[in-house]
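What follows is each chain in one-letter form.
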Amino acid sequence: MKSKIKYTYQIYKKTVNTTNFILLFCLSIVGSFFGVFGCALGDIYLEGFFSIFWNENYVSFVLLLLLLNMINVYTIFNENDYFIIRIKNKKEYINQLLWVTCLSSFVLVLTNIMLVIIFLNLFNSNAPLYEVKNYHMNAWIYAVFVLIKFIILTQLITVINVLLIKLIDKKIVIIVNIILLFLIRLIPSSNGVISSVVNMPLSIFDYFGQVKYISFIFEILCFVLYCVIILCVVQVLKKVYFNMKKGVLE
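Calculation rules
- Residues numbered from 1 in each chain as written.
- Predicted model: local features only at pLDDT ≥ 70, side-chain atom pairs only at ≥ 80, totals over all residues.
- Heavy atoms only, no water.
- Helix = DSSP H or I, 4+ residues; strand = E, 2+ residues; numbered from the N terminus.
- Buried < 20%, exposed > 50% of the residue type's maximum accessible area, 1.4 Å probe, protein only.
- Core = buried A, V, L, I, M, F, W, Y, C linked by side-chain atoms within 4.5 Å.
- Contact = heavy atoms within 4.5 Å.
- Phe/Tyr/Trp six-rings, centres within 6.5 Å; stacked < 30°, edge-to-face > 60°.
- Lys NZ or Arg CZ within 6 Å of the ring centre and 35° of its normal.
- Axes fitted to C-alpha atoms, helices over the stretch in contact; angles between N-to-C directions.
- Parallel < 35°, antiparallel > 145°, perpendicular 65-115°, else oblique.
- Left-handed = near helix turned anticlockwise from the far one by under 90°.
- Nonpolar A, V, L, I, M, F, W, Y, C, P; charged D, E, K, R; others polar.
- Patch = residues over 30% accessible without salt bridge, like charges linked within 9 Å, V, L, I, M, F, W, Y side chains within 5 Å.
- Areas by Shrake-Rupley, 256 points an atom, 1.4 Å probe, with all protein chains shown as cover.
- Salt bridge = Lys/Arg side-chain N within 4 Å of Asp/Glu carboxyl O.
- Polar contact = N/O pair within 3.5 Å; in protein donor to acceptor, adjacent residues only side chain to side chain.
- pLDDT = per-residue confidence, 0-100.

### A closer look at the environment of Val36
Within the fold, Val36 resides in helix α2 (residues 19-39). Exposure remark for Val36: the relative accessible area of 0% places this residue in the buried category. As a C-alpha pair, Val36 and Phe49 span 13 residues in sequence and 8.2 Å in three-dimensional space.

### What about the nonpolar core?
Within the largest apolar cluster, 83 residues are counted, with the highest numbers of intra-cluster contacts made by Phe49, Phe53, Phe77, Tyr93, Tyr142 and Phe150. Sequence-distant contacts of Phe53, defined by excluding residues within four places in its chain, comprise Tyr58, Val59, Ile113, Val116, Val146, Leu147, Phe150 and Phe208.

### Some remarks on the packing of aromatic side chains
For any pair of aromatic rings, the description consists of the separation of the ring centres together with the inter-plane angle of the planes. One pass over the full model with this rule turns up 22 aromatic pairs. Between Phe50 and Trp54, the aromatic rings sit 5.0 Å apart at their centres with planes inclined by 15 degrees, giving stacked as the arrangement. Of the residues examined, Trp54 reaches a relative accessible area of 17% and is grouped as buried. Between Tyr58 and Phe61 the ring centres are 6.4 Å apart and the planes differ by 35 degrees, which places this aromatic pair in the tilted class. Residue Tyr58 and its partner Phe61 are both found in helix α4 (residues 56-79); the two are separated by three residues, about one turn of the helix. Accessibility expressed as a relative area gives 4% for Tyr58, which makes it buried. Overall, Phe61 belongs to the partly exposed group, its relative accessible area being 22%. The residue whose ring lies beneath Lys90 is Tyr241, and the NZ or CZ to ring-centre distance is 5.1 Å.

### Considerations on the environment of Glu219
Residue position: Glu219 is located in helix α9 (residues 216-243). In the structure, Glu219 is positioned 25 residues away from Ile194 in sequence and 8.4 Å away in space, judged by C-alpha atoms. Beyond its immediate stretch of four places on either side in the chain, Glu219 contacts Tyr135, Tyr142, Phe145, Lys149 and Tyr213.

### Concerning the packing of helix α7 (residues 139-167) against α9
Running from N to C, α7 and α9 cross one another at 15 degrees; their axes reach a closest spacing of 10 Å. One element, α7, and the other, α9, form an angle in the roughly parallel class. The hand of the α7/α9 crossing is left-handed. Of the residues in α9, those touching α7 at Tyr142, Phe145, Lys149, Ile152, Leu153, Leu156, Val159, Ile160, Leu163, Leu164, Lys166 and Leu167 are Phe216, Glu219, Ile220, Phe223, Cys227, Ile230, Leu231, Val234, Leu237, Lys238, Val240 and Tyr241. When grouped by side-chain class, the residues that make up the contact of α7 with α9 number 20 nonpolar, no polar and four charged.

### Here's the deal with unusual backbone geometry
With a phi angle near 55 degrees, His136 is a residue other than glycine that sits in the positive phi range. Tracing the backbone shows His136 in the loop between β1 (131-132) and β2 (137-138).

### Observations concerning a nonpolar patch on the surface
A grouping of Ile168, Ile172, Ile175, Val176, Ile179, Leu180, Leu183, Leu186 and Ile187 is seen on the molecular surface, where their side chains present a nonpolar patch of about 750 Å² in accessible area. Mapped onto the elements of the fold, Ile168 is located in the loop between α7 and α8 (170-183).

### As for the side chain of Ser32
Among the secondary structure elements, Ser32 is positioned in helix α2. For Ser32, the side chain forms a polar contact with the main-chain oxygen of Ser28, separated by 2.8 Å. In this structure Ser32 touches Tyr58, Asn112, Leu115, Val116 and Phe119, once residues within four positions along its chain are discounted.

### Some words on the packing of helix α6 (residues 90-123) against α9
Helix-helix packing is characterised by the crossing angle of the two axes and by the distance between the axes. In contact at an axis separation of 10 Å, α6 and α9 are set at 135 degrees when each is read in the N-to-C sense. By the angle between their directions, the pair α6 and α9 is classed as oblique. The two elements α6 and α9 cross, and the hand of that crossing is right-handed. Here Lys90, Lys91, Tyr93, Ile94, Asn95 and Leu98 of α6 come into contact with α9, specifically with Lys238, Tyr241 and Phe242.

### Remarks on the confidence of the model for the protein
Parts of the prediction with low pLDDT should not have their coordinates interpreted in detail. Of the residues in the protein, 88% have a pLDDT of 70 or more, and the chain-wide mean is 84. When pLDDT is averaged over each element of the protein, α9 comes out on top at 94 and helix α1 (residues 2-16) at the bottom at 70.

Written out as structure tokens, the structure is:
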């Protein structure tokens, strides 16, 4: 067990030390700078914060970085013959691949969040917004929720993409992702106030944006329910992969 963790961590270190990951890190700096400069400059601090993490262009940018990162991790992972030959079955293989990919993605997302906060502190010195008007609650608490939601959604998308690459041709998955990232700005957001689970958004992109709910508790409920649905989809995709006759690296 310890040896597997050691090898997995070594692969993770290998992925973050590649030129590709360093390039993604540099792109994160540039993207976060222009995100703050273009979306939040001159706004009240937390209003600027929400403007960035609800902005379709910034969300698309981060998801594109994660897509490129996933391809980089997937390639390096499968090229590590010394580790692959020690994997016993498909379940162990996919779990290790998901662990490395999600860890790398989490680091990249966390880096982007920290960069946004740093640039906000540098450029936005206006008085903070203390209350979310829709919910009559402290805006700092809601900001934490927005960050948690952002991290969870990006991780779920990463997991689904990894599984789809094993089920479908990699090029098709990449092309579909790029098309969706361009279409995200054209997909209309849910209008009105969501007051019933029946009316909760179906598109994952809606959960990145500013959708109004009847209360903060109900928004949390809808988000948790949506995550449970996505996790069920993940389990179905895993079972389909386990039942395929393809080998581990096919």
